[in-house]
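# Structure assessment
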Amino acid sequence: MKPTIKIDSQRCKECGYCINFCPRGVLIKGAQLNSNGYYPPVITNIGNCVACGTCARVCPDGAIAVYKED
């Protein structure tokens, strides 16, 4: 199964929970500001992702969704 991470960068408030709690280090702080002045995370190595969904569960703004695709 291939994992897919969808990040709604406009909903992100740069709390960093997704980055800090990812057990595989898949997300890092992005370099581009969203329209609210925050730096949303970006995917650094999707190959390390196991689609555990931790990033989505800890996001207080519901800005992340994780899917497993065939």
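The notes below deal with the structure included here. In every chain, residue numbers begin from 1 and rise along the written sequence. In view of the model being predicted, local features appear only for residues whose pLDDT reaches at least 70, and side-chain atom pairs are presented and counted only at 80 or more, with totals across whole chains, interfaces and linings using the full set of residues. Side-chain figures throughout are based on the complete set of non-hydrogen atoms in the structure, without hydrogens or water.

### Things to note about the environment of Ala 63
Tracing the backbone through its elements, the reader meets Ala 63 in the loop between helix H2 (54-58) and strand E4 (64-69). Residues Ala 63 and Ile 7 lie 56 residues apart in sequence; the distance between their C-alpha atoms is 5.7 Å. Two residues form a contact once any of their heavy atoms are found within 4.5 Å. Residues contacting Ala 63, with those up to four places away along its chain left out, are Lys 6, Ile 7, Asp 8, Arg 11 and Cys 12. A helix here means a DSSP run of H or I that spans at least four residues, while a strand means a run of E at least two residues long, and both kinds are numbered starting from the N terminus.

### Points about the environment of Thr 4
Relative to the elements of secondary structure, Thr 4 occurs in strand E1 (residues 2-7). Remark: exposure states derive from per-residue accessible area (1.4 Å probe, protein chains only) relative to the maximum for the residue type, with buried under 20%, exposed over 50%, and partly exposed in between. Thr 4 sits in the buried class, given a relative accessible area of 14%. Apart from the residues within four sequence positions on either side, Thr 4 is in contact with Ala 65, Val 66, Tyr 67 and Glu 69. Think of a polar contact as two N or O atoms within 3.5 Å of one another; within protein, one of them needs to be a possible hydrogen donor and the other a possible acceptor, and neighboring residues in sequence only count if both atoms come from side chains. A polar atom in the side chain of Thr 4 sits 2.9 Å from the side chain of Glu 69.

### What to know about the side chain of Thr 54
Positionally, Thr 54 belongs in helix H2. Look at Thr 54 and you get buried, because its relative accessible area is 17%. With residues near it in sequence (within four places) discarded, Thr 54 still touches Phe 21 and Pro 23.

### Observations regarding the packing of aromatic side chains
Ring geometry is summarised as follows: Phe, Tyr and Trp rings, the Trp one being its six-membered ring, pair when their centres sit within 6.5 Å, and such pairs are stacked at plane angles under 30 degrees, edge-to-face over 60 and tilted between the two. If you walk through the whole model with that rule in mind, you get one aromatic pair. With a centroid separation of 6.2 Å and 75° between ring planes, the pair formed by Tyr 17 and Phe 21 is classed as edge-to-face. One end of the pair is Tyr 17 and the other is Phe 21, both in helix H1 (residues 17-21) and four residues apart, which spans about a single turn.

### Quick look at the pattern of salt bridges
Here a salt bridge means any side-chain nitrogen of Lys or Arg lying within 4 Å of a carboxyl oxygen belonging to Asp or Glu. Tallied over the entire structure, the rule returns two salt bridges. Among the salt bridges present, the one from Lys 13 reaches Asp 61, with a minimum N-O distance of 3.4 Å. Here Lys 13 is found in the loop between E1 and H1, whereas its partner Asp 61 is found in the loop between H2 and E4, with 48 residues between them in sequence. Exposure remark for Lys 13: the relative accessible area of 49% places this residue in the partly exposed category. Relative accessible area serves as the criterion here: at 19%, Asp 61 is assigned to the buried category. For Glu 14, the salt bridge is made with Lys 29, and the minimal N-O distance between the two is 3.1 Å. With a gap of 15 residues between them, Glu 14 in the loop between E1 and H1 and Lys 29 in strand E2 (residues 27-29) connect regions that are remote in the sequence.

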